[in-house]
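Letter by letter, the chains look like this.
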Amino acid sequence: MKICITSQGPDLESMVDPRFGRCSYFIFYDTDTDKFESLANPNISGLSGVGIQNAQLMSEKGVEIILTGNIGPNAANVLQQAGIQVITGVSGKVKDAIENFKKGQFQSTQFPPQPNVPPHFGMGFPGMGRGMGRGRGMGRGMGRGMGGPTGWGPQPPFQPGNYPPPYPQPPQMDKNQQLQFLKQQAEFLKSQLELIKKSIEKIEKGESLIPTVDKNRCNGCGICVGICPSGAIQLIDGKAEIDKNLCTGCGICISQCPQSAISL
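Everything numeric in this text was worked out from a predicted model, so none of it was measured.

S.K.: Please provide a residue-by-residue account of the overall build of the chain, values included.
M.R.: When helices and strands are counted, the chain shows six helices and nine strands. Among the 264 residues that make up the chain, the fraction classed as buried is 45%. Long-range pairs, those at least 24 residues apart, make up 59% of the contacts in the chain with a sequence separation of at least 6. As displayed, the chain offers around 12,900 Å² of accessible surface, 49% of which is attributable to carbon and sulfur atoms.

In structure tokens:
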């Protein structure tokens, strides 16, 4: 049986990524051979439809069961059509998730797969802008976090039972799911606030907003290369390099790096 685990890194020691659509990596694991392969999420930087595209990828890869934290309604619909089972609420290390699955400690969510987060979960708050004070204004967001139902601008936090049309009503969250969701929102907002504060301080001091790469942390995964909207990042000798002449200081690479190797 082939299962897929959403992951923050490319190996079994990595932590499970709670997002299906915008996870950093997919770990494809064969329970019959105990072999695995990792794939950097090719759709992580898409503006829309990433859940659907990833669901189609699961079908192409022959995945039978998905282990993840959360899943949105659009991806759930495609997975239903493909006959792929989904287990949500998974956390911890990827290797532990696999072992728990083998021991039968997980139960598949209701089939067809049911969404437990709103569309565009993990997309961020695009209203924060690419411009960062450079006149480009309300551009694309720089977050990995949880944008509002529309995905554009600072939306109010998602509340179970208060889900606007035209999207289908998700099932009611239990207390543990609500707690996990709110903690994820809090962590995202905290990280974004810290990044904004650093940007303000640098602007006030007249310093550059060009981020730097910690070569000791960088593992050459290439996620930053694929998501950089200005094409300012490339891999040189297996490490990310930022072209200061092309970088706009949008901060997307900082928030998307699974190794926290890029910072202001």
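S.K.: An account of the pattern of salt bridges is requested, with residue identities and associated values reported.
M.R.: Under the definition given, this model contains eight salt bridges. The closest approach of N and O atoms between R19 and D17, which form a salt bridge, is 2.9 Å. No difference in accessibility class separates R19 from D17, as the two residues are buried. E37 is paired through a salt bridge with K61; the nearest N and O atoms lie 3.9 Å apart. Of this pair, E37 sits in strand 3 (residues 35-40) while K61 sits in the loop between helix 1 (50-60) and strand 4 (65-67), placing them 24 residues apart in sequence. With a relative accessible area of 35%, E37 lands in the partly exposed category.

S.K.: I'd like to hear about the packing of helix 1 against helix 2 (residues 73-82), residue by residue, with values.
M.R.: Viewed as axis vectors pointing N to C, helix 1 and helix 2 meet at an angle of 20°, and their least axial separation amounts to 8 Å. Here helix 1 lies roughly parallel to helix 2, going by the angle between them. Where helix 1 crosses over helix 2, the two elements pack in a sense that is right-handed. Here helix 1 contributes G51, I52, A55, Q56, M58 and S59 to the contact with helix 2, which in turn contributes N74, A75, V78, L79 and A82. Among the residues forming the contact of helix 1 with helix 2, the class breakdown is seven nonpolar, four polar and no charged.

S.K.: Which residues make up the sheet that holds strand 4, and what values do they have?
M.R.: One open sheet holds the five strands; their spatial order is 3-2-1-4-5, and the pairing between them is mixed. Only two strands of the sheet have a single neighbouring strand rather than two, namely strand 3 and strand 5 (85-87). Strand after strand, the sheet turns through a mean of 20° between neighbouring axes, direction not considered. Across six bridges, the pairing between strand 1 (residues 2-7) and strand 2 (residues 25-30) is antiparallel. Following the sheet pairing, I5 is matched in strand 2 by I27. Running at roughly 20° to strand 2, helix 1 makes contact with strand 1, strand 2, strand 3 and strand 4 of the sheet.

S.K.: Lay out the side chain of D17 in plain terms, naming residues and giving numbers.
M.R.: Assignment of secondary structure puts D17 in the loop between strand 1 and strand 2. You can call D17 buried: its relative accessible area is 1%. Within polar-contact distance, the side chain of D17 engages the side chain of R19 at 2.9 Å. A polar contact of 3.1 Å, which involves the side chain of D17, links it to the backbone nitrogen of S24.

S.K.: Describe the confidence of the model for the chain, listing the residues and the values that go with them.
M.R.: Looking at the chain, pLDDT values average 74 and 73% of them are 70 or higher. Confidence drops under pLDDT 50 across residues 114-171; counting only partners more than four residues distant or on other chains, this segment forms 164 contacts.

S.K.: Tell me what's going on with the pairing of strand 2, and back it up with residues and numbers.
M.R.: Judged by how many residues are buried, strand 2 sits mostly within the fold: five of six residues are covered. Bridge count for strand 2 against strand 3 is six bridges, and the pairing is antiparallel. Bridge pairing links Y29 to F36 in strand 3.

S.K.: Got a sec to walk through helix 3 (residues 94-102)? Specific residues and values, please.
M.R.: Those residues of helix 3 not exposed but buried are V94, A97, I98 and F101. For helix 3, the angular spread of the buried residues around the axis is 100°, confining them to a single face. Packed against the buried residues of helix 3 are strand 1, strand 2, strand 4 and strand 5. Looking one or two residues past helix 3, G104 carries a phi angle of roughly 75°, positive in sign.

S.K.: Please provide a residue-by-residue account of helix 1, values included.
M.R.: When we look at burial in helix 1, the residues that qualify are V50, G51, N54, A55, L57 and M58. For helix 1, the angular spread of buried residues about the axis comes to 155°, placing them on one side. Of the surrounding secondary structure, the elements contacted by the buried residues of helix 1 are strand 1, strand 2, strand 3, strand 4 and helix 2. The first or second residue beyond helix 1 is G62, which carries a positive phi of 75°.

Thresholds applied
- Numbering of residues starts from 1 in every chain and runs along the sequence as written.
- Given that this is a predicted model, residues contribute local features only at a pLDDT of at least 70 and side-chain atom pairs are listed and counted only at 80 or more, while totals for whole chains, interfaces and linings are drawn from all residues.
- Each side-chain value is derived from all of the structure's non-hydrogen atoms; neither hydrogens nor water enter the calculation.
- Think of it this way: any DSSP run of H or I at least four residues long counts as a helix, any run of E at least two long counts as a strand, and we number them from the N terminus.
- Think of it in three bands: with a 1.4 Å probe and only protein chains considered, a residue is buried below 20% of the maximum accessible area for its type, exposed above 50%, and partly exposed in between.
- Residue contacts are defined here by distance: any two heavy atoms, one from each residue, within 4.5 Å place the two residues in contact.
- Per-residue accessibility takes into account occlusion by the displayed protein chains alone, with areas from the Shrake-Rupley method and a 1.4 Å probe.
- Throughout this description, the term salt bridge denotes a Lys or Arg side-chain nitrogen within 4 Å of a carboxyl oxygen of Asp or Glu.
- Inter-axis angles, ranging from 0 to 180 degrees, are taken between N-to-C directions of lines fitted to C-alpha atoms, where helices are fitted over the stretch in contact.
- Oblique is the label for any angle not under 35 degrees, not over 145, and not in the 65 to 115 range, which are roughly parallel, roughly antiparallel and roughly perpendicular in turn.
- Crossing handedness is defined as follows: a turn of the near helix away from the far one that is anticlockwise and smaller than a right angle gives a left-handed crossing, while the clockwise case is right-handed.
- Under this grouping Gly is polar, as are all residues other than the nonpolar Ala, Val, Leu, Ile, Met, Phe, Trp, Tyr, Cys and Pro and the charged Asp, Glu, Lys and Arg.
- Strands are labelled as partners when DSSP assigns at least two bridges between them.
- The definition of a polar contact used here is a pair of N or O atoms within 3.5 Å, where within protein one atom must be able to donate a hydrogen and the other to accept one, and adjacent residues in sequence count solely through side-chain atom pairs.
- Note: pLDDT gives the predictor's confidence per residue, expressed from 0 to 100.
- To obtain the arc, one takes the directions from the helix axis to the C-beta atoms.

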